[in-house]
Amino acid sequence: MAIDREAALALELPPLEAEVERGALRFFARATGEERPEYVDVAAARAAGFRDLPVPPTYYFSLELQAADPFAFLTDLEVDLRRVLHGEQWFEYAGQACAGDRLTLHSRVVDVVTKRAGMELLTKHTSVTDPSGALVSRLGSVLVIRGES
Amino acid sequence: MTAEATYDTVGTELPALVCEPISRTTLALFAGASGDHNPIHVDLDVARSAGLEDVFAHGMLSLAYLSRLVTRWAPQDRLRSLSARFVAITPVHARPTCTGRITAVENGVATVALAVTLDDGTVTLTGTATIGLA
């Protein structure tokens, strides 16, 4: 079923307050084969110039997934999650978040386009800000929703 | 390696990062650690119900590997942007190799073309990083 583009663009995705946790960063490091001490050991992180364990470059995407039901907006658009593929992902960095930081994420669906054979591309943008309101990172996802075969 | 790194020469290749083959345990750990609990990556029953033969790896796992390639070559605080297109599925047991090559240096920023390739030659991810020069 085709996504209702107007409904998607009008979606009000609630802001997400995300806390960066040391344990979660260590788990992410282990799961991604990251063994460098500055990503798992606080003293090593500080020696490397970070305030605490640094958020690795792609972990901002995982912060988005701390929402109670991060795929709820897709369900609201009547998308079958089994048909969703991750097509593209980008990050821009304005600052460096570390463990202990409380960040706010604002997300919005910015585009839905229909490709061949009913395939649809949904683009979502997210900004990550610190408590002072300063931008830490911007990220964007393109989700590919495969058509009924 | 860091002492020898050159950030400003077009054509410079980053030292390749050869990852471990992706096991089902890897996928279970990454699902938990990344917060991506989409069952298509860990639950064979769900994968089959979607018409697939097996589960497949999260694209973001490969992008996490690729970010390791970049940040072990240039410190993370120099990374300005990282982007990727997921162009092919990564099957279970596949072994990803991450590579990168400087393609441009302009206005104090190096652009690095990135790729993740499996042992059979399949390119699963293409990407770009931009890195500020010190």
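Note that the structure is a prediction, hence the values are computed from the model and not measured.

1. Here we look at the packing of aromatic side chains
Enumeration according to the criterion identifies 4 aromatic pairs over all chains in this entry. Here the aromatic rings of Phe28(A) and Phe30(B) are separated by 6.0 Å at their centres, their planes lie at 45°, and the arrangement is tilted. Taken together, the residues Phe28(A) in helix 2 (residues 22-31) and Phe30(B) in helix 1 (residues 24-34) connect one chain to another. Assessed through its relative accessible area of 1%, Phe30(B) is described here as buried. Pairwise contacts between aromatic rings join Phe28(A), Tyr59(A) and Phe30(B) into one cluster.

2. Thoughts on the packing of helix 2 of chain A against helix 1 of chain B
As a packed pair, helix 2 of chain A and helix 1 of chain B sit with axes 9 Å apart at the nearest point and diverge in direction by 155°. When the axes of helix 2 of chain A and helix 1 of chain B are compared, the pair comes out roughly antiparallel. As helix 2 of chain A packs across helix 1 of chain B, the resulting crossing turns out to be left-handed. Together, Phe27(A), Phe28(A), Arg30(A) and Ala31(A) of helix 2 of chain A and Thr26(B), Leu29(B), Phe30(B), Gly32(B), Ala33(B) and Ser34(B) of helix 1 of chain B make up the contact between the two elements.

3. Here's the deal with the nonpolar core
In this structure, Tyr60(A), Leu103(A) and Leu63(B) are the most contacted members of the largest nonpolar core, which totals 61 residues. Tallying contributions element by element places helix 3 (residues 59-71) of chain B first for this core, with 8 residues. Two domains each put at least three residues into this core: domain 1 (5-20 + 55-145) and domain 2 (22-53) of chain A. Each residue touching Leu63(B), except ones within four places of it in the same chain, is listed here: Thr58(A), Gln89(A), Phe91(A), Leu82(B), Ala84(B), Phe86(B) and Leu125(B).

4. Re the domain arrangement of chain A
Residues and elements named next belong to chain A. Per the domain assignment, the segments making up chain A are domain 1 (5-20 + 55-145) and domain 2 (22-53). Between the C-alpha centres of domain 1 and domain 2 there is a distance of 24 Å. In this assembly, 11 residues from domain 1 lie in contact with 9 residues from domain 2. Both faces combined, the contact of domain 1 with domain 2 buries some 870 Å², and carbon together with sulfur accounts for 66% of it. It is Tyr59, Cys98 and Ala99 in domain 1 that bury the most area against domain 2; as a group they hold 52% of the surface buried on that side. For the pair domain 1 and domain 2, the interface holds 1 salt bridge. The partner of arginine 51 in a salt bridge is aspartate 101, and the shortest N-O contact between them spans 3.0 Å. Our enumeration of links across domain 1 and domain 2 arrives at 3 residue pairs in polar contact (both at pLDDT 80 or more). Tallied by class, residues from the side of domain 1 that touches domain 2 come to 7 nonpolar, 3 polar and 1 charged.

5. Topic: the pattern of salt bridges
Residue and element names in this part refer to chain A. Under the defined criterion, the tally for this structure stands at 13 salt bridges over all chains. One salt bridge in this structure joins glutamate 34 and arginine 36, with 2.8 Å as the shortest N-O distance. Aspartate 80 is the partner of arginine 82 in a salt bridge, and the nearest nitrogen-oxygen pair spans 3.0 Å. With relative accessibility at 33%, the residue arginine 82 sits in the partly exposed group. Counted as one network, the salt bridges with shared partners bring together Arg22, Arg46 and Asp52.

6. With respect to the sheet that holds strand 4 (residues 120-129) of chain A
Pairing in this open sheet of 10 strands is antiparallel, and the strands run 1(A)-3(A)-4(A)-5(A)-2(A)-2(B)-5(B)-4(B)-3(B)-1(B) from one edge to the other. In this open sheet, the two edge strands, each paired with only one partner strand, are strand 1 (16-19) of chain A together with strand 1 (17-18) of chain B. By the bridge criterion, 7 bridges tie strand 2 (residues 79-86) of chain B to strand 5 (residues 123-132) of chain B in an arrangement that is antiparallel. By the bridge assignment, Ser81(B) is partnered in strand 5 of chain B with Thr130(B). Across the sheet, helix 3 of chain B is in contact with strand 2 (84-93) of chain A together with strand 1, strand 2, strand 3 (97-106), strand 4 (109-117) and strand 5 of chain B; its angle to strand 2 of chain B comes to roughly 145°.

7. Topic: the packing of helix 1 of chain B against helix 3 of chain B
Packed helices, taken two at a time, are described by the angle their axes make and the gap between the axes. Residue and element names in this part refer to chain B. Across the interface, helix 1 lies against helix 3 with an axial gap of 10 Å and an inter-helix angle of 90°. Of the possible angle classes, the one that applies to helix 1 and helix 3 is roughly perpendicular. Here helix 1 contributes Thr26, Leu27 and Phe30 to the contact with helix 3, which in turn contributes Met60, Leu61 and Tyr65. The residue inventory of the contact of helix 1 with helix 3, partitioned by class, reads 5 nonpolar, 1 polar and no charged.

Cut-off values and rules
- Residues numbered from 1 in each chain as written.
- Chains lettered and ligands numbered in written order.
- Predicted model: local features only at pLDDT ≥ 70, side-chain atom pairs only at ≥ 80, totals over all residues.
- Heavy atoms only, no water.
- Phe/Tyr/Trp six-rings, centres within 6.5 Å; stacked < 30°, edge-to-face > 60°.
- Helix = DSSP H or I, 4+ residues; strand = E, 2+ residues; numbered from the N terminus.
- Buried < 20%, exposed > 50% of the residue type's maximum accessible area, 1.4 Å probe, protein only.
- Axes fitted to C-alpha atoms, helices over the stretch in contact; angles between N-to-C directions.
- Parallel < 35°, antiparallel > 145°, perpendicular 65-115°, else oblique.
- Left-handed = near helix turned anticlockwise from the far one by under 90°.
- Contact = heavy atoms within 4.5 Å.
- Core = buried A, V, L, I, M, F, W, Y, C linked by side-chain atoms within 4.5 Å.
- Domains from an automatic or database assignment.
- Buried area = accessible area lost by both parts, 1.4 Å probe.
- Salt bridge = Lys/Arg side-chain N within 4 Å of Asp/Glu carboxyl O.
- Polar contact = N/O pair within 3.5 Å; in protein donor to acceptor, adjacent residues only side chain to side chain.
- Nonpolar A, V, L, I, M, F, W, Y, C, P; charged D, E, K, R; others polar.
- Pairing = 2+ DSSP bridges.

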